[in-house]
Amino acid sequence: KAGVTQTPRYLIKTRGQQVTLSCSPISGHRSVSWYQQTPGQGLQFLFEYFSETQRNKGNFPGRFSGRQFSNSRSEMNVSTLELGDSALYLCASSPPGTAEAFFGQGTRLTVV
Amino acid sequence: QKEVEQNSGPLSVPEGAIASLNCTYSDRGSQSFFWYRQYSGKSPELIMSIYSNGDKEDGRFTAQLNKASQYVSLLIRDSQPSDSATYLCAVNPWSSASKIIFGSGTRLSIRP
């Protein structure tokens, strides 16, 4: 069974630009969560989608948004990028009935 | 008070010894508890899930949960150099069944 796939693996963007990250969950997983990981703040929950609906949201500004499609694939968008948005963005999918999260390889975003 | 607290380490353990990693959490109603292993430059990998008080063993790993003390631990027996990684404790809070809160991680180093 294929794991969680995230694209792209690396991105370099300029301040003020916007970026879209993509995540394909494990087959059969309908819950997709996004996390931001930085050396200073650790792994922080961004939001979670289930059946195309956002079920939970972390404490991030509105510049961070996401969506989920009918095939459970998810995208995350960050608008008006700031230097502090440089981080590893991780997507995780969860099987039905459990909160266990299985992570993709992540997208390393660098904002310059 | 952080929701999930771990000693950041580094914890240095000789090869073949038992490594003991500890975690406390603040949400008394939390239901699900996880340990993840993260190698440098890689994404977190789920190694143990525990849901009820007591011990759960899987190979060289034993997770221990004490809900009354709001305490979770991970024991690694016969530690190997390949166990050197950051170990993240994660908790599914009662208030949000589909969200996971991560601790900041404990860096474990196994010395030959």
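Quick note: structure is the one above.
A brief report on the enclosed structure follows. (Residues numbered from 1 in each chain as written. Chains lettered and ligands numbered in written order. Predicted model: local features only at pLDDT ≥ 70, side-chain atom pairs only at ≥ 80, totals over all residues. Heavy atoms only, no water.)

1. Focus on the interface of chain A and chain B
Chain A puts 18 residues into the contact, and the matching count from chain B is 16 residues. Summing both partners gives a buried area of about 1400 Å² for chain A against chain B, and 56% of it is carried by carbon and sulfur. Interface area lost by chain A to chain B is led by Leu-43, Ala-99 and Glu-100 of chain A, which between them contribute 33%. Taken together, chain A and chain B are joined by 0 salt bridges. (Contact = heavy atoms within 4.5 Å. Buried area = accessible area lost by both parts, 1.4 Å probe. Salt bridge = Lys/Arg side-chain N within 4 Å of Asp/Glu carboxyl O.)

2. Observations regarding the nonpolar core
With 24 residues, the main nonpolar core has Trp-35, Val-72, Leu-74, Ile-76 and Tyr-87 of chain B as its most contacted residues. Secondary structure elements with two or more residues in this core: strand 3 (19-25), strand 4 (32-38), strand 5 (45-50), strand 7 (61-66), strand 8 (71-76), strand 9 (85-92) and strand 11 (106-111) of chain B. Ranked by size, the runner-up nonpolar core spans 21 residues in total, among them Val-4, Val-32, Phe-47 and Cys-91 of chain A. (Core = buried A, V, L, I, M, F, W, Y, C linked by side-chain atoms within 4.5 Å. Buried < 20%, exposed > 50% of the residue type's maximum accessible area, 1.4 Å probe, protein only. Helix = DSSP H or I, 4+ residues; strand = E, 2+ residues; numbered from the N terminus.)

3. Focus on the environment of Ser-70 of chain A
Relative to the elements of secondary structure, Ser-70 of chain A occurs in the loop between strand 7 (64-68) and strand 8 (74-78). For Ser-70 of chain A, a relative accessible area of 67% gives the class exposed.

4. Comments concerning the sheet that holds strand 7 of chain A
All names here are of chain A. What the 4 strands build is an open sheet, ordered 1-3-8-7; its pairing is antiparallel. Of all strands in the sheet, those bounded by a partner on one side alone are strand 1 (5-7) and strand 7. Each adjacent strand pair in this sheet contributes to an overall mean axis angle of 20 degrees, direction not counted. Bridge analysis of strand 1 against strand 3 (residues 19-24) gives 3 bridges, and the strand direction is antiparallel. The partner of Thr-7 across the bridge, within strand 3, is Ser-22. (Pairing = 2+ DSSP bridges. Axes fitted to C-alpha atoms, helices over the stretch in contact; angles between N-to-C directions.)

5. Re the state of the cysteines
Under the definition given, this model contains 2 disulfides over all chains. One disulfide in the model links Cys-23 of chain A with Cys-91 of chain A; its S-S distance is 1.8 Å. Of note, the bridge from Cys-23 of chain A to Cys-91 of chain A carries an S-S torsion of about -60 degrees and is left-handed in sense. One end of the pair, Cys-23 of chain A, is in strand 3; the other, Cys-91 of chain A, is in strand 9 (residues 87-94), with 68 residues separating them in the sequence. Judged on exposure class, the residue Cys-23 of chain A and its partner Cys-91 of chain A are both buried. Covalently, Cys-23 of chain B is tied to Cys-89 of chain B through a disulfide, its sulfur atoms 2.1 Å apart. The disulfide joining Cys-23 of chain B to Cys-89 of chain B has a torsion of about -70 degrees about its S-S bond and is therefore left-handed. Placement of the pair is Cys-23 of chain B in strand 3 and Cys-89 of chain B in strand 9, with a sequence separation of 66 residues. (Disulfide = S-S within 2.5 Å.)

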